[in-house]
Amino acid sequence: MHEEIAKIYGERLRIRICGLLFKDDQLLLVNHRGLNHGDFWSPPGGGIEYSESIEDSLKREFLEETGLTITVHQFAFGCEFIRQPLHAIELFFWTEQIGGHLGTGYDPEIQLIEGTKFFNPRELVNFAKDALHGIFHIAQSKQDFQQLAGFYRI
């Protein structure tokens, strides 16, 4: 893990908002660097800022990371991620693109974004385990994601 990531986000609880954006059977993922020794693909999302609504936070994160504008739909599921020094509670929502153009965005705290791409989740089975968000150990298809409910420790 990049030491700047540990310095900014480490040793504190972070509440993150994440979005599931499918086009047909393909899910939008963002590639982050610095979280491990290579790629790390996860759905777009990030920290909720003080006094910011969940919906506004997710819209901001999508625009920053992907260049897309979205509508936020219903809550899908939650996750808890603990890997020292990081601890995050992640809330996932279904989203829909309403504008913008897909591109490689930015993270205002530290530049982590390497790229964005739509994947069929079944394509990800050959990725290294630490190259994917933990939710992909539970869900490997659009149908799997649609059936997730509740809270998962990843």
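Throughout, a residue's number is its position along its own chain's written sequence, starting from 1. Totals for whole chains, interfaces and linings use all residues, but because this is a predicted model, local features are given only for residues with pLDDT of at least 70 and pairs of side-chain atoms are given and counted only at 80 or more. Only hydrogens and water are set aside; all other atoms, that is, all heavy atoms of the structure, feed into the side-chain values.

Secondary structure elements follow DSSP: runs of H or I no shorter than four residues count as helices, runs of E no shorter than two count as strands, and numbering proceeds from the N terminus. Along its length, the chain carries three helices and nine strands. Starting at the N terminus and walking to the C terminus, you meet the elements of the chain as α-β-β-β-β-β-α-β-β-β-α-β. Whether two residues are in contact is decided by their heavy atoms, any of which lying within 4.5 Å being enough. Of all intrachain contacts in the chain linking residues separated by at least 6 positions in sequence, the fraction that spans at least 24 positions is 68%.

This part covers the nonpolar core. Buried together is how nonpolar side chains tend to be arranged in soluble globular proteins. Core analysis: the biggest nonpolar cluster contains 20 residues, and L20, F77, F136 and F145 have the highest contact counts within it. Elements with a minimum of two residues in this core: strand 1 (13-20), strand 3 (26-32), strand 6 (68-83) and strand 7 (86-100). Examining the composition of this core, we find that three residues originate from one element, strand 6, more than from any other. If we ignore the near neighbours within four places in the chain, the residues touching F77 are L20, E90, L91, F92, I135, F145, L148, A149, G150 and Y152. Nonpolar cores are built from buried Ala, Val, Leu, Ile, Met, Phe, Trp, Tyr and Cys residues. Side-chain atoms within 4.5 Å join them into one set. When accessible area is computed with a 1.4 Å probe and restricted to protein chains, residues below 20% of their type maximum are described as buried, those above 50% as exposed, and intermediate ones as partly exposed. Ranked by size, the runner-up nonpolar core spans 10 residues in total, among them I17, L28, L68 and F118.

Another aspect to go through is the confidence of the model for the chain. Caution applies to low-pLDDT regions: their predicted coordinates should not be interpreted in detail. In the predicted model, the chain carries a mean pLDDT of 90, and 90% of its residues have values of at least 70. Per-residue confidence from the prediction method is given by pLDDT, with values spanning 0 to 100. Within the chain, the lowest mean pLDDT, 67, falls on helix 1 (residues 3-9), and the highest, 97, falls on helix 2 (residues 54-66).

To continue, consider helix 2. Expected span, for any helix, means 1.5 Å times one less than how many residues it has. Taking 1.5 Å of rise per residue, the 13 residues of helix 2 would be expected to cover 18 Å, and the 18 Å separating its terminal C-alpha atoms lies within 8% of that figure. Along helix 2, the residues classified as buried are S57, L58, R60, E61, F62, E64, E65 and T66. Against the buried residues of helix 2 lie strand 1, strand 3, strand 5 (45-47), strand 6, strand 7 and strand 8 (113-119). Phi for G67, located one or two positions after helix 2, is positive at around 80°.

Below, the discussion takes up the sheet that holds strand 1. Whether two strands pair comes down to DSSP finding at least two bridges between them. What the five strands build is an open sheet, ordered 5-1-7-6-9; its pairing is mixed. At either margin of the open sheet sits one strand with a lone partner, and together these are strand 5 and strand 9 (151-153). Strand after strand, the sheet turns through a mean of 30° between neighbouring axes, direction not considered. The pairing of strand 1 with strand 5 spans three bridges and is classified as antiparallel. Note that in strand 5 the partner of I17 across the bridge is G46. Axes here mean lines fitted to C-alpha atoms, for a helix over just the part in contact, with angles spanning 0 to 180 degrees between N-to-C directions. Running over the sheet, helix 2 touches strand 1, strand 5, strand 6 and strand 7 and is turned about 95° from strand 6.

Attention now goes to the packing of aromatic side chains. Aromatic pairing here means that ring centres of Phe, Tyr or Trp (its six-membered ring) are within 6.5 Å. Orientation follows from the plane angle: under 30 degrees is stacked, over 60 is edge-to-face, and everything else is tilted. In this structure the tally under the stated criterion is eight aromatic pairs. Relative to F119, the ring of W41 lies with its centre 5.0 Å away and its plane at 80°, an arrangement referred to as edge-to-face. Within this pair, whereas W41 is found in strand 4 (residues 40-42), its partner F119 is found in strand 8, the two being separated by 78 residues in sequence. Taken as a pair, W41 and F119 share a single burial class, namely buried. With 6.0 Å between their ring centres and 80° between their planes, F77 and Y152 make a pair best called edge-to-face. Here F77, found in strand 6, pairs with Y152, found in strand 9; they are 75 residues apart in sequence, far enough to count as distant. Overall, the relative accessible area of 0% leaves F77 in the buried class. Residue classification places Y152 among the buried positions, given a relative accessible area of 19%. Here the aromatic residues F22, W94, F136 and F145 are joined through ring pairs into a cluster of three or more.

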